[in-house]
Each structure stands twice: as C-alpha cells, then as structure tokens.
Amino acid sequence: CKGINGLDKVVLRGPRGSSAEVYLYGGHVTSWRNDHGEELLFVSSKAIFKPPKAIRGGIPICFPQFGSHGSLEQHGFARNKFWSIDIDPPPFPTNSKSFIDLILKPSEEDMQKWPHRIALGPGGDLMLTSRVRNTNADGKPFTFAFAYHTYFSVSDISEVRVEGLETLDYFDNLQNKERFTEQGDALTFESEVDKIYLSTPTKIAILDHEKKRTFVLRKEGIPDAVVWNPWDKKAKTMTDFGDDEYMHMLCVEAAAVEKPITLKPGEEWKGRLELSAVPSSYCSGQ
Ligand code: TA6
C-alpha cells in the first residue's frame, strides 16, 4: 500500500487474534508491534520519510559500508534506496507465515542484487535475513560491512541495562575509535555512548526496568554490535531528532564492522537477526 511520499509501505500482520505488526518502507522496518499492539521500535517524531535522508529510527540497513568513509555516503546507500518485492527469492529458512521478500538492486543494469527477507514470527518475534552474493563476472572480490541499525524504544535510558557485552573489546567512536576493554558489569547509561563491540556473543539482552521488558537479539553471521545513544548535546544537533527523545531510545545494532566481509566471485554471505521482546523481572541496580 502506498505510504508516505510515494514510498511503498508494506504491513506484515501476525496470526489471527494477535496485534503483532511490522511496517516497512522499502527495506526499512519502521514499526514492530508486539501481540498487544505495543510499539517496540523508536522512530523520531521528526523523522524524514523522503530519500535520500534515512528515516531516523526503526531498523535502517547499513550496507555496503558502516560509518562515513570520506566521500562515500554515511552508512552506505542501501538505507536510502528504493527496494522492490522479490518475486523469485532464494531459499530463506523461516517458520513464519507472515513474511516478505525484498530485493535491492542498485540499478537495472547492475548484476549485483541483494535479497532480504523480513518475517514476523509466531510469537511476534521479528526476523531479518540478508544475503549478499558476489556475482562479479570479472573475478573481482566484493568487500562490504553491514549493520541492522536497530533503534529500540525504551521507557527511560537511565534505567536500561545491556547484558552480553561485558569484558569485550570495543572501539570507542567518542575517543578517536581507540580500542578499549569493557568492564565486567552490564552496561548502564548516563551520557553519550558510541561503541563498536567486537566478536560479541550470539545473544544480547536489553533490559527496560520501567516496562519490565527485555529485548533479546540473536544474530548469526554478524559478529559485532554497535551501542549508540546521542544523549542531549548531540541530539540537539540533529534536525530529525527531538531534543529529549534520547531518553526513550537505544541503538544496539548487529553489525559486521571490525572485519569487513570479502566474497570471492560466486561466494555468498548470509546475515540473520532475530528480535524478541519478553517480560522480565529486572530491577535496576541488580
Ligand atoms: O550507530 C552509531 C553511528 O555510527 C553513530 O556514530 C551515529 O552517527 C549514528 O550511527 C547515526 O548515524 P546517522 O547517519 O543515521 O545519523
């Protein structure tokens, strides 16, 4: 169905009786609601739904690079492009009856194409799977970085903990991307954070005290994780971000950044992220 500014909006719905829903603009998930219809993703009230500006929130796909590499556009072109429905998708394992297959082709004549499946699972889980195959006929390898830049909606960032990244090494984007080692406790937040955690476990948990809710990320083929909150000062510099919205969001992003992925001709990479939101009895300060 037609969405904002002509961007095709697609809606995935959960099974009968469930209010689970996923909204998509192109390859960009902009809403994920649980069985009770509660919104689980953050999208700024000032988000711009008009390419080439990426929508501020939801799950932008950063591809084929992460970050700004000089003249290349920040976080790659994928999140600013129009995607199309893939009528001949490759096999994607899914136990969901509610899914959509999309394809990103940078241009008609370009041989490269990147299939992507978004599925709403039986319990309202959200599954994203992306495939990248090197179809270069000239024998050249294809190297890329990747991230599902996920904006989670939280009640109050000062009462959120992240578990699963303790003791890991990370690059700190706020300290010249220098490498540090995380301390042994769960992460808590009281100022701007912009860290790329390296070779993280498959499972990462984000505990929201007030909502008594835990987001669980399970990822395959995507070794790193970026944690980002702009906090107040940085938020004020972003025209598509409300001044106090930083209190109600946290980005925890499944990413392949430290070691970009290189595919020889004919080789394929598959990345998969499964998100769930479960009730939790976490008490802050535990
Ligand atoms: O996810 C971390 C990050 O790379 C931050 O450095 C910040 O730039 C954020 O992405 C948002 O980037 P964007 O281009 O969407 O404004």
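Cut-offs used in this document
Residues numbered from 1 in each chain as written. Predicted model: local features only at pLDDT ≥ 70, side-chain atom pairs only at ≥ 80, totals over all residues. Heavy atoms only, no water. Near = heavy atom within 4 Å. Polar contact = N/O pair within 3.5 Å; in protein donor to acceptor, adjacent residues only side chain to side chain. Areas by Shrake-Rupley, 256 points an atom, 1.4 Å probe, with all protein chains shown as cover. Nonpolar A, V, L, I, M, F, W, Y, C, P; charged D, E, K, R; others polar. Disulfide = S-S within 2.5 Å. Buried < 20%, exposed > 50% of the residue type's maximum accessible area, 1.4 Å probe, protein only. Pairing = 2+ DSSP bridges. Helix = DSSP H or I, 4+ residues; strand = E, 2+ residues; numbered from the N terminus. pLDDT = per-residue confidence, 0-100. Contact = heavy atoms within 4.5 Å. Axes fitted to C-alpha atoms, helices over the stretch in contact; angles between N-to-C directions. Core = buried A, V, L, I, M, F, W, Y, C linked by side-chain atoms within 4.5 Å. Salt bridge = Lys/Arg side-chain N within 4 Å of Asp/Glu carboxyl O. Phe/Tyr/Trp six-rings, centres within 6.5 Å; stacked < 30°, edge-to-face > 60°. Lys NZ or Arg CZ within 6 Å of the ring centre and 35° of its normal.

1. Quick notes on the site of the ligand
- Around the ligand lies a shell formed by R56, F66, Q74, H75, R79, H149, D194, V226, W228 and E253.
- In this structure, an oxygen atom belonging to the ligand sits 2.8 Å away from a side-chain N or O atom of H149.
- Between the ligand and D194 there is a distance of 2.6 Å, counted from an oxygen atom to a side-chain nitrogen or oxygen.
- Relative to its unbound accessible surface of 390 Å², the ligand loses 81% to contact with the protein.
- Class assignment of the residues belonging to the shell around the ligand gives a composition of three nonpolar, three polar and four charged.

2. Description of the state of the cysteines
- Counting across every chain of the model gives zero disulfides.
- For C62, which is in no disulfide, the shortest distance to another cysteine sulfur is to C251 and amounts to 9.2 Å.
- Residue C251 is classed as buried on the basis of its relative accessible area of 0%.

3. What to know about the sheet that holds strand β6 (residues 98-104)
- Here we have eight strands laid out as an open sheet, ordered β5-β6-β7-β8-β19-β16-β15-β11, and antiparallel in their pairing. Edge positions in the open sheet fall to β5 (84-85) and β11 (160-163), since each of these has one partner strand only.

4. Some points on the confidence of the model for the protein
- Per-chain confidence: the protein averages 90 in pLDDT, with 94% of residues scoring 70 or above.
- A low-confidence stretch, residues 1-6 (pLDDT under 50), is modelled with twelve contacts involving residues beyond four sequence positions or located in other chains.
- Per the prediction output, this complex has pTM 0.93; the corresponding ipTM is 0.98.

5. Some points on the sheet that holds strand β3 (residues 28-33)
- The strand order β1-β2-β3 describes an open sheet built from three strands, whose pairing is antiparallel. The strands lining the two open edges of the sheet, one partner per strand, are β1 (9-13) and β3. The average angle at which neighbouring strand axes cross in this sheet is 15°, direction not considered.
- Looking at chain direction, β1 and strand β2 (residues 21-25) are connected through five bridges and run antiparallel. Bridged to L12 within β2 is V22.

6. Some details on the nonpolar core
- Counting 66 residues, the largest nonpolar core has I118 and F189 as the members making the most contacts within it.
- Element by element, the count of residues in this core is highest for strand β18 (residues 249-263), at eight residues.
- Every residue in contact with F189, bar those within four places of it in the chain, is listed here: I157, S158, V160, V162, V227, W231 and L250.
- One finds C62, F66, L198 and V226 within the second-largest nonpolar core, a separate group that totals nine residues.

7. As for the pattern of salt bridges
- In the structure shown here, the tally under the stated rule is 19 salt bridges.
- Across the salt bridge formed by E258 and R179, the nearest N and O atoms sit 3.2 Å from each other. Taken together, the positions of E258 in strand β18 and R179 in strand β13 (residues 178-181) put the pair 79 residues apart, joining distant regions of the chain.
- In this structure E258 comes out as partly exposed when scored by relative accessible area, which is 24%.
- Three or more residues joined by partner-sharing salt bridges are found here, namely R13, E21, R33 and E39.

8. A word on the packing of aromatic side chains
- Taken as a whole and judged by the stated rule, the model has 20 aromatic pairs.
- Ring centres of W32 and F215 lie 6.4 Å apart, and the angle between their planes is 45°; on these two criteria the pair is classed as tilted. You can see W32 sitting in strand β3 and its partner F215 sitting in strand β16 (residues 213-220), a full 183 residues away along the chain.
- The interplanar angle of 50° and the centroid separation of 5.1 Å between the aromatic rings of W231 and Y246 together place this pair among those described as tilted. Here the residue W231 occupies a position in helix α1 (residues 231-236), and Y246 occupies one in the loop between α1 and β18, the gap between them amounting to 15 residues.
- Classification of Y246 as buried rests on a relative accessible area of 12%.
- The cationic tip of R33 hangs over the ring face of Y23; the distance from NZ or CZ to the ring centre is 5.3 Å.
- Here the basic side chain of R131 rests over the ring of F92, its NZ or CZ set 4.9 Å away from the ring centre.

9. Considerations on unusual backbone geometry
- With an omega of 0°, the peptide bond between F63 and P64 qualifies as cis.
- By secondary structure assignment, the location of P64 is in the loop between β4 (61-62) and β5.
- At T167, a residue that is not glycine, the phi angle is positive and equals roughly 65°.
- Structurally, T167 can be placed in the loop between β11 and β12 (169-172).
- The phi torsion at K212 lies on the positive side, around 50°, for a residue other than glycine.
- Inspection of the secondary structure assignment puts K212 in the loop between β15 (203-208) and β16.

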